[in-house]
Amino acid sequence: MTVIATESLSKRYPRVTALDRLTVDITPGVTGLVGANGAGKSTLIKILLGLSPASEGRARVLGLDVATEGNAIRERVGYMPEHDCLPPDVSATEFVVHMARMSGLPPSAARERTADTLRHVGLYEERYRPMGGYSTGMKQRVKLAQALVHDPQLVLLDEPTNGLDPVGRDEMLALIRRVHTDFGISVLVTSHLLGELERTCDQVVVIDGGKLLRASSTSDFTQATASLAVEVTDREDALLELLSEAGLAVRAEGVLLLVDMDPERGDRTYDTVRDAVAELGVGMVRMEQRRHRIAEIFRTGPADGTGTADPHRQEGVNHDAA
Ligand SMILES: Nc1ncnc2c1ncn2[C@@H]1O[C@H](COP(=O)(O)OP(=O)(O)OP(=O)(O)O)[C@@H](O)[C@H]1O
């Protein structure tokens with residue numbers, strides 16, 4: 001079952017190819033669409049909404065063809081645009097009621113759904129004040145609320161964490177996660193920050209220059225290359241040798257030994273390390289699994305060798321080790 005399927009989808013502007021033969025299947029859940037500024041994220045969203053025709057290729061959203069069934073798609077899909085688009089003299093309540101009416105809800109249902117949705121996104125008394133006085137975080141919440149008010153099956157969120165401070169970002173990401181867990185709505189969320197998507201998303205699609213770089217579940221990105229970080233009181237060199245002899249892939253990084261988690265061995269990797277430490281008679285300071293972050297994986301390029309991505313080009317990428 002796919003919520004979004006594209007087939008060799010391209011979008012060419014006179015001077016730029018914004019999407020270049022993009023073929024990807026997106027399943028239900030929370031999916032991150034990540035790419036540097038100008039990678040083609042907003043272009044893809046506009047095509048998926050049936051608002052902008054593709055130059056080539058095909059796409060289906062909830063089984064509907066974007067070229068011919070745009071109205072039906074927009075009935076079932078919510079959209080949160082990237083840019084500030086809120087009229088400053090209107091309150092959140094008035095605006096979201098208006099958007100609910102535009103989606104076809106009768107007046108009383110529109111008012112009820114608006115109250116529920118604004119509560120869900122965490123806007124309370126402020127919902128009656130003109131939006132011109134809102135903080136960026138509050139504006140992003142209103143934009144999210146209007147995308148949800150008609151109870152869609154899927155929402156497309158374009159850079160919802162843009163302009164937010166780290167706390168605001170975390171809150172927005174938690175809210176996005178709850179859109180799926182509380183209501184079963186699938187989410188496609190774009191960001192140029194790899195780090196924030198890996199915490200929130202079930203799947204990640206990476207595009208660069210309009211081309212697909214990689215699409216897979218977040219756990220495949222991060223766990224496939226998990227390693228065990230081991231710190232001992234002394235004799236690291238001897239331990240490294242012993243573990244290598246036992247058939248483990250080990251390398252030293254500062255005071256740590258990093259042991260690849262071999263899926264074939266599974267938890268026996270821990271036993272091998274424990275036995276080797278005991279045999280040397282040294283003290284174990286720590287042994288913990290280290291999940292690689294998506295950004296780290298991209299530093300060395302995708303494992304399947306289909307392309308390379310340089311995270312340094314992507315502003316704001318979080319390079320911290322896990
Ligand atoms: N209407 C347009 N006419 C001409 N070029 C366009 C148009 N819209 C987008 N582009 C170009 O297409 C490329 C992809 O833009 P797009 O907005 O999809 O990127 P993005 O990944 O969403 O980045 P951002 O987050 O900065 O918007 C860019 O080079 C952009 O300049």
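Residues numbered from 1 in each chain as written. Predicted model: local features only at pLDDT ≥ 70, side-chain atom pairs only at ≥ 80, totals over all residues.

Student: Outline the overall build of the chain, listing residues and values.
Tutor: Scanning the chain for helices and strands turns up 11 helices and 14 strands. Of all 322 residues assigned to the chain, the portion counted as buried reaches 38%. Looking at the chain alone, contacts between residues at least 24 apart form 69% of all its contacts between residues at least 6 apart. (Helix = DSSP H or I, 4+ residues; strand = E, 2+ residues; numbered from the N terminus. Buried ≥ 20, exposed ≤ 12 C-beta atoms within 10 Å, placed from the backbone. Contact = placed C-beta atoms within 7 Å.)

Student: Outline the domain arrangement of the chain, supporting the account with residue identities and numerical values.
Tutor: By convention, interface size is frequently given as the accessible area that disappears when the constituent parts associate. As assigned here, the chain comprises domain 1 (4–221) and domain 2 (227–290). Each of domain 1 and domain 2 was reduced to a C-alpha centroid, and the two centroids are 44 Å apart. (Domains from an automatic or database assignment.)

Student: I'd like a rundown of the site of the ligand, residues and numbers included.
Tutor: In the vicinity of the ligand, the contacting residues are Tyr13, Val16, Ala18, Gly35, Asn37, Gly38, Ala39, Gly40, Lys41, Ser42, Thr43 and Glu159. For the shell around the ligand, the element with the most residues is helix H1 (residues 41–48), which contributes 3 residues. Split into classes, the residues belonging to the shell around the ligand amount to 4 nonpolar, 6 polar and 2 charged. (Near = placed C-beta within 6 Å. Nonpolar A, V, L, I, M, F, W, Y, C, P; charged D, E, K, R; others polar.)

Student: Describe the packing of helix H9 (residues 236–245) against helix H10 (residues 268–280), naming the residues involved and giving the relevant values.
Tutor: One can describe the packing of H9 onto H10 by two numbers: an axis separation of 10 Å at closest approach and a directional angle of 135°. Relative to H10, the element H9 is oriented oblique. The interaxial crossing formed by H9 with H10 has right-handed handedness. Counting all contacts with H9, which are made through Ala238, Leu239, Leu242 and Leu243, the residues of H10 involved are Thr272, Val273, Ala276, Val277, Glu279 and Leu280. Among the residues making up the contact of H9 with H10, the classes are represented as 8 nonpolar, 1 polar and 1 charged. (Axes fitted to C-alpha atoms, helices over the stretch in contact; angles between N-to-C directions. Parallel < 35°, antiparallel > 145°, perpendicular 65-115°, else oblique. Left-handed = near helix turned anticlockwise from the far one by under 90°.)

Student: Can you tell me about the pairing of strand S2 (residues 17–26), naming the residues and giving the values?
Tutor: Pairing of strand S1 (residues 4–12) with S2 involves 6 bridges; the strand directions are antiparallel. Bridging across to S2, Thr6 finds its partner in Val24. Between the end of S1 and the start of S2, which pair antiparallel, lie 4 residues. (Pairing = 2+ DSSP bridges.)

Student: Run through helix H6 (residues 166–183), naming residues and quoting values.
Tutor: Owing to its 3.6 residues per turn, the α-helix brings residues three or four apart onto one side. Its 18 residues place the ends of H6 26 Å apart at the C-alpha level, agreeing with the 26 Å of an ideal helix rising 1.5 Å per residue. Turning to H6, its buried residues are Met172, Leu173, Ile176 and Val179. On its buried face, H6 is in contact with strand S3 (30–34), helix H5 (136–148), strand S7 (154–157), strand S8 (186–191) and helix H7 (194–200). Note on H6: the residue one or two positions beyond its end, Gly184, has a positive phi of about 70°. (Expected span 1.5 Å × (residues − 1).)

Student: How would you explain the packing of helix H3 (residues 92–102) against H5 if you had to name every residue and give the values?
Tutor: Where H3 contacts H5, the two axes come as close as 9 Å, and the packing angle between them is 25°. In terms of axis orientation, H3 runs roughly parallel to H5. In this structure, the crossing between H3 and H5 has a hand that is right-handed. Residues Ala92, Phe95, Val96 and Met99 of H3 touch H5, and the partners they reach there are Val142, Ala145 and Gln146. Partitioning the contact of H3 with H5 into residue classes produces 6 nonpolar, 1 polar and no charged.

Student: So what's going on with unusual backbone geometry? Which residues, and what values?
Tutor: In the Ramachandran plot, Asp151 falls in the positive-phi region, its phi being about 55° despite a non-glycine side chain. With respect to the element layout, Asp151 can be found in the loop between H5 and S7. For Glu159, which is not glycine, the phi torsion reads 50° and is therefore positive. Note that Glu159 resides in the loop between S7 and H6.

Student: Which residues make up the sheet that holds strand S9 (residues 203–208), and what values do they have?
Tutor: Here 6 strands make up an open sheet; going across it, the order is S6-S7-S8-S3-S9-S10 and the pairing mixed. Either end of the sheet is taken by a strand with one partner, and the two such strands are strand S6 (77–80) and strand S10 (211–217). Across the sheet, the mean angle from the axis of one strand to that of its neighbour is 15°, orientation sign disregarded. Of the pairings in the sheet, the one linking S3 to S8 comprises 5 bridges and is parallel in character. Paired with Gly32 across the two strands is Val189, which belongs to S8.

Student: Explain the pairing of S9 to me, and be specific about the residues and the numbers.
Tutor: Of all 6 residues that make up S9, 6 are buried, and the element is covered over most of its length. The side-chain alternation of S9 yields two buried faces, one formed by Gln203, Val205 and Ile207 and the other by Val204, Val206 and Asp208. Judged from the 4 bridges that link them, S3 and S9 form a sheet pairing that is parallel. Looking at the pairing, Leu33 lines up with Val205 of S9. Bridge analysis of S9 against S10 gives 6 bridges, and the strand direction is antiparallel. When the sheet's bridge partners are listed, Val205 is paired in S10 with Ala215.

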